[in-house]
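The lines below spell out each chain.
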Amino acid sequence: DRVAMDTISFNAAVSTCAKGEQWVQALQLFRKMVASRVERDTVTFNAVVSSCEKGWEWVHALHLFHEMADRRVARSTITYQTAVSACGRGRQWMQTLKL
């Protein structure tokens, strides 16, 4: 029998990708959540933004940061810290000031 993937299951998988610095896989899981109509919450976004930050993918990290506002997903202190760090890694100081 197949077990249905829910937000918690996906969050665990995305967080594992983030810890393993596997940003591409984290984004793939994030997209699969969209396709599967699984709710994405603050934990989901934070994990994907973190994986992008660790992968030096500041553009993706900022896109996700802004998508949170568009989708009315609450941004936490961790969200802001990770987005700022992603911009710093990419030497995007002006982007950091806009956060």
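Residues numbered from 1 in each chain as written. Predicted model: local features only at pLDDT ≥ 70, side-chain atom pairs only at ≥ 80, totals over all residues. Heavy atoms only, no water.

1. Topic: the overall build of the protein
Keep this limit in mind: What counts as a helix is a DSSP run of H or I of at least four residues, what counts as a strand is a run of E of at least two, and both are numbered from the N terminus. C-alpha atoms define the radius of gyration in this analysis, and the globule rule sets the expected value at 2.2 Å times the number of residues to the power 0.38.
On a plain count of helices and strands, the protein comes out with six helices and zero strands. Listed N to C, the secondary structure of the protein is α-α-α-α-α-α in terms of helices and strands. Here the C-alpha radius of gyration of the protein, 13 Å, is about what a compact globule of 99 residues would show, namely 13 Å. Taken along its principal axes, the extent of the C-alpha atoms in the protein is 50 × 30 × 20 Å.

2. Considerations on the confidence of the model for the protein
In regions of low pLDDT, the predicted coordinates are not meant to be interpreted in detail. To be explicit about the condition: Scored from 0 to 100, pLDDT reflects the predictor's confidence in each residue.
Confidence along the protein averages 89 in pLDDT terms, with 96% of residues attaining 70 or more. Mean pLDDT values for the elements of the protein range from 77 in helix H6 (residues 93-98) up to 94 in helix H4 (residues 58-70).

3. Re the pattern of salt bridges
Put simply, the test is: Note on definitions: salt bridges are taken to be side-chain nitrogens of Lys or Arg within 4 Å of carboxyl oxygens of Asp or Glu. Residue burial is assigned from relative accessible area. The probe radius is 1.4 Å, only protein chains are included, and a residue is buried under 20% of its type maximum, exposed over 50%, and partly exposed in between.
Evaluation of the coordinates by the stated rule reveals three salt bridges. Arginine 40 is the salt-bridge partner of glutamate 67, the closest N and O atoms lying 3.0 Å from each other. Within this pair, whereas glutamate 67 is found in helix H4, its partner arginine 40 is found in the loop between helix H2 (23-35) and helix H3 (42-54), the two being separated by 27 residues in sequence. This pair shows no difference in class: glutamate 67 is buried, exactly as arginine 40 is. Among the salt bridges present, the one from glutamate 53 reaches arginine 89, with a minimum N-O distance of 2.9 Å. Here glutamate 53, found in helix H3, pairs with arginine 89, found in helix H5 (residues 77-89); they are 36 residues apart in sequence, far enough to count as distant. By relative accessible area, arginine 89 is classed as partly exposed at 31%. Residues joined by salt bridges that share partners form a network here, namely Arg40, Glu67 and Arg71.

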